[in-house]
Amino acid sequence: MNCKDAVLAIEARLDGEIDSSERLELETHLAGCPSCKREVDERRAFADQLGRSLYFALKTVSPMPAEKSECVDRLVDGATRRKSWITIPRAAAALVITAILGAAMVSLGLLDGASAEVRELALLKSRREGYGEQVVRVENDLKKTAQDLDARVAASPKGPLRDVAAMSVASTAARLSGRKSELLPANPRECVRALTGLMAQKTWDARGRAVWGFKDLDRRHVVFLKEALQDLPETDRTFVEMVLQSVEGTGDAVIHFNVVVDDQTITLQQFPNSTVRLEQVRAGAAKIRMEGRCLADFTAKYPDAVKAFGIDGVDGDLFIGGLHLKGPEAAVRSTHIIQDLVWTSEGLQDGVVENALLTELCQHGMDVEDAVKKVKATLQKAPAIRVAVSVEPDSARLRRHIKAAGKLDPATLRHEREIVEDEIEQLRNRIEEMSRHLASLEKIRITMDARK
Amino acid sequence: MRPAELTSAEESRLVADLRGGRREAFDRVVGLHYERLYRLAYSMTGVSEDARDLTQETFLAAVKSMGNFRADSKLSTWLIAILRNQYTLYLRGQRKWRHAPLEAVEAEGLPLQDAHIQPGVAAILERLRKLPEDLRTTLVLFYLDGMKYTEIAEAMGCPLGTVRSRLFEARERLKKMMEGAKA
C-alpha cells in the first residue's frame, strides 16, 4: 500500500467502511510510515468537526410545515389527471419510437457500428430536439391567437363573452410565463402598483407573472385595485375587474325573490359573482340551501329542484315558475371562471363559452330557444382539439448525437438517457397543454365573430 | 441519526400502493422522505423556494415513473437519483418551475441564502455549495443521512471506489476553504 492509497484507507476506516484485509494492509503501512500515522489524528479531528458542522447546518434547514401536504395534493392531482388521459407508458413509447426511427436510420446506414445504448440515446436526443422545436411552434401560434383575441376584447362591448375572452388571454400569459410567482411588497398599495407595473411591460412573461401575482390578493387590496382600474388597457382591466369581484365575494344579491308556498318559504338569489342560491325553509325543519357557481352549474347540480320550481333563463335574467327576475344590466359576472381558466390547469371547461354566448344573446333580447340554436350552430364551426405530438427523423441531427453519445461511458449513457426521457415527457406534456389551450382560444374567437 | 427505514416487505407494499395512486401511499412516502430530500435539495440550490420546488418535482417524477422502480432498489436511493436528475434539468433551464429560476445561477458558488439562516450556518452551506455537485451530494448523503458507501453508490449510480474518492476530494476542498477563510 502506498501513501496515496493509505490516506483513502484512513478515511474509510474513520467512516467505518474498511474491510478486514484493507485494515490489515493499512496497519502494516502505518507501522512504517510516521507521516501517514500523523494523518490519522489530523483527519479524525477534521472529519469530526466537519461532520458536526454539516450535520448541525443541514439539520437547521427545514421545509415549511405546509409543504408536505402541498406535495401530497400535487401528487393526488397528478394521479387524477394521468388517469383521465390515455398515455403510452414511457418505456414502451421509447421502444416504439426507437424501432420506427431506428428502422429508417438503419436503412440510411446511420446507425452502423453504434452500440444499442448509443443508438437509443442518440435517437432520444434527436427526438427531444424535435419536440423542443414543436413547443416553440405551438407557443408562437398561441401568442398570435391570444394577441388577436386581446384586440377583439378591446373592441368588444362588455359582457360575458368579453369576460371569458379576457380570462383566456390572461390564462395564456400565465401559461407562457410558467408558474412563477413574484416577491411582492407586503404593503397592499405597493403590491398592486408592482402588479400593474408588470402588466404595463406588455411582454407575455411579465403579464403572466402579474396574473399569477393577482392570485394571492385579498380584501386589503380592493381599494387600490379600484384605483388602478382606470389606467389599465381593456383586457387587463376586464381581468382585474373579475379579480376584484372574486375578492369582494358574494356581496348583496342583484336578484332576490322570496315567496311563501304552502308551509315553506322559497328564496332565490343571484349575486354579482353569478352565484345562484336557493333556500327552502319549512316550519319546524332545518333550512335547505342549494348553491351553484352560476345558473348552468346550479342546473347541473340540482336538476330536480330546477324542474320542480321551474327555474330557467340565463345569468342575470332568471325565471322561476314563469316569473321573470331581471337584475341590473351587466351586474352579474361569472368570476368562478378565473379559478378554472387561469389559476389551475383545468382549462376551459365544457359549456363555459356556450353559456357566455347564450347569456349575451338573451341579454340582447334574443329568445332563449333561438339563442340555444344559434349557440349550437356557432360552436359547430369550432375546430376539434388537435394534439399533434410527433417528430420527424432528422439524419443530420442524429449523426451529431451518435458522434457525441459514442464518447460516453455506459454509466453516463444510462444517466443521460433517464434525463432525456424525462425531458421528452415534459416537452410532450407542454405541447399537449398548449395545443388544448390553443383550441380553446380558437373556440372563443369563433364565438366572438358569431356575435357580431 | 438516520431516519427510520421500512422493511423490504413494507416498502414493496408501499410501492404497490403508489402505483395504484392511493393518497395514503403518497402521504406515507412524503412523510418518510420529504425532509431528507428537501435538505439535499437545499444543499444544491441554496434557496428554500427552489429546494421546495426541486423536492416536489422529484416526488412527482418518481410517482410518474413508478413503473421503472426495480424491486431490488431502495426507495430512498431511487428518490435521490431522481432528485439529481431533476436538478440537472433545472440547471439546463428546461424546467419552468413555480418560482422564478435564479437568473444568474451557475452550478455552484453564488451567495444566495435565506434570511432566516444564521450567519455561521450560512457560511458552511455557502462553502458546501461551492463544491461540484457530485462531491457535495456525496458529502451530504454521508453526513446528513448517515448513508453507507454502498447506498451512496447506488443513489449516485457510481462505483464504490468513486464514492470513497469523492468524499476524500470533498473533504480536502472544504479543508482548504476553511483554512483560506481563517488566513
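Rules used in this analysis
Counting starts from 1 at the beginning of each chain's written sequence and moves along it residue by residue. Chains and ligands are labelled sequentially in the order written, the chains with letters from A and the ligands with numbers from 1. Thresholds applied to this predicted model are a pLDDT of at least 70 for local features of residues and 80 or more for the giving and counting of side-chain atom pairs; totals over whole chains, interfaces and linings are not thresholded and use all residues. Note that the side-chain values use all heavy atoms of the structure and ignore hydrogens as well as water. Each helix corresponds to a stretch of at least 4 residues labelled H or I by DSSP, and each strand to a stretch of at least 2 residues labelled E; elements are numbered beginning at the N terminus. A 1.4 Å probe rolled over the protein chains alone gives each residue an accessible area, and that area as a share of the maximum for its type sets the label: buried under 20%, exposed over 50%, partly exposed in between. It only takes one pair of heavy atoms within 4.5 Å for two residues to be counted as in contact. All accessibility values rest on the Shrake-Rupley procedure with a 1.4 Å probe; residue burial counts only the protein chains present in the view. Buried area is calculated as the accessible area (1.4 Å probe) missing from two parts once they are joined, with the contributions of both summed. When a carboxyl oxygen of Asp or Glu lies within 4 Å of a side-chain nitrogen of Lys or Arg, that pair is called a salt bridge. Polar contacts here mean pairs of N or O atoms no more than 3.5 Å apart (in protein, one a potential hydrogen donor and the other a potential acceptor; neighbouring residues in sequence count only if both atoms are side-chain atoms). In this classification, the charged set is Asp, Glu, Lys and Arg, the nonpolar set is Ala, Val, Leu, Ile, Met, Phe, Trp, Tyr, Cys and Pro, and all remaining amino acids, among them Gly, are polar. Here a pair means two rings of Phe, Tyr or Trp (six-membered ring of Trp) with centres within 6.5 Å. Their orientation is stacked below 30 degrees between planes, edge-to-face above 60, and tilted elsewhere. Each axis is a line fitted through C-alpha atoms, taken for helices only over the stretch in contact, and angles between the N-to-C directions span 0 to 180 degrees. Working rule for angles: under 35 degrees goes down as roughly parallel, over 145 as roughly antiparallel, 65 to 115 as roughly perpendicular, anything else as oblique. Rotating anticlockwise by less than a right angle from the far helix to the near helix defines a left-handed crossing, while the corresponding clockwise rotation defines a right-handed one. In this description, a nonpolar core means a group of buried Ala, Val, Leu, Ile, Met, Phe, Trp, Tyr and Cys residues linked to one another through side-chain atoms lying within 4.5 Å. Two strands pair if DSSP finds at least two bridges between them.

Attention shifts here to the overall build of chain B. Scanning chain B from N- to C-terminus turns up 8 helices and 0 strands. Of the regular secondary structure in chain B, the N- to C-terminal order runs α-α-α-α-α-α-α-α. Classification of the 183 residues of chain B by burial places 56% in the buried group. Put simply, 60% of the contacts in chain B that link residues at least 6 apart link residues at least 24 apart. Summing over all exposed atoms, chain B offers an accessible surface of approximately 7800 Å²; the carbon and sulfur share of this is 53%.

What follows concerns the interface of chain A and chain B. Chain A puts 57 residues into the contact, and the matching count from chain B is 58 residues. Regarding the contact of chain A and chain B, the summed buried area is about 5600 Å², with carbon and sulfur atoms giving 58% of it. On the chain A side of the contact with chain B, Leu58, Arg74 and Leu75 of chain A bury the most area, a combined 12% of that side's loss. Counting across the interface, chain A meets chain B through 8 salt bridges. We note a salt bridge from Arg164 of chain B to Glu22 of chain A, for which the minimum N-O separation is 2.7 Å. Linking chain A to chain B there are 17 residue pairs in polar contact (both at pLDDT 80 or more). Those elements giving two or more residues to the side of chain A that touches chain B turn out to be α1 (3-14), α3 (34-59), α4 (67-84), α7 (160-177) and α18 (410-451) of chain A. If one sorts the elements of the side of chain A that touches chain B by residue count, α3 of chain A sits on top with 13 residues. Among the residues making up the side of chain A that touches chain B, the classes are represented as 23 nonpolar, 11 polar and 23 charged.

Before going further, it helps to spend a moment on the packing of aromatic side chains. All names here are of chain B. Scanning the model with the defined rule gives 7 aromatic pairs over all chains in all. Each ring, one from Tyr34 and one from Phe59, has its centre 5.9 Å from the other, and the planes form 5°; the classification is stacked. Pair noted here: Tyr34 is in helix α2 (residues 23-45) and Phe59 is in helix α3 (residues 48-64), with a separation of 25 residues, a long-range link. Here Tyr34 matches Phe59 in class, with each residue buried. The structure contains a cluster of three or more aromatic residues connected by ring pairs, namely Tyr34, Tyr38, Tyr42 and Phe59.

Let us look at the packing of helix α6 (residues 116-155) of chain A against helix α17 (residues 395-405) of chain A. Two packed helices can be described by the angle between their axes and the distance between those axes. All names here are of chain A. Their axes nearest at 8 Å, the elements α6 and α17 cross at an angle of 135°. For the element pair α6 / α17, the angle class is oblique. Every pair of crossing elements has a handedness; the one defined by α6 and α17 is right-handed. Within the contact between the two elements, α6 uses Val118, Leu121, Ala122, Leu123, Lys125, Ser126, Glu129, Gly130 and Glu133 and α17 uses Arg397, Leu398, Arg400, His401, Ile402 and Ala405. Of the residues assigned to the contact of α6 with α17, the class counts are 7 nonpolar, 3 polar and 5 charged.

Moving on, we get to the environment of Ala6 of chain A. Residue and element names in this part refer to chain A. Along the polypeptide, Ala6 turns up in helix α1. Distance from Ala6 to Glu39, taken between C-alpha atoms, is 9.7 Å for residues 33 residues apart in sequence. Contacts of Ala6, omitting those with residues within four sequence positions, involve Met1, Leu26, His29 and Cys36.

Moving on: the nonpolar core. Counting 79 residues, the largest nonpolar core has Met167, Phe214, Phe239, Val342 and Trp343 of chain A as the members making the most contacts within it. In terms of residue count, the dominant contributor to this core is α6 of chain A (12 residues). Setting aside residues no more than four positions away along its own chain, Phe214 of chain A makes contact with Leu195, Met199, Leu225, Phe239, Val240, Val243 and Trp343 of chain A. Among the nonpolar cores identified, the runner-up in size contains 77 residues, and Ala12 and Ala57 of chain A together with Leu6 and Leu167 of chain B belong to it.

All names here are of chain A. The strand order β1-β2-β3-β4 describes an open sheet built from 4 strands, whose pairing is antiparallel. One side of each edge strand has no neighbouring strand; the edge strands of this open sheet are β1 (255-261) and β4 (288-292). Looking at each pair of strands side by side, their axes are set apart by 10° on average, direction ignored.

Residues and elements named next belong to chain A. The buried fraction of strand β2 (residues 264-270) amounts to 6 of the 7 residues, a majority that puts the element mostly inside the structure. Taking the residues between adjacent antiparallel strands as the criterion, β1 and β2 are bridged by 2 residues, where Asp262 takes a positive phi near 50°. Relative to strand β3 (residues 276-282), β2 runs antiparallel, the two sharing 7 bridges. Looking at the pairing, Thr267 lines up with Glu279 of β3. If you look at the hairpin formed by β2 and β3, you'll find 5 residues sitting between the two strands, and Ser274 has a positive phi there, around 75°.

That is the geometry; function is a separate question.
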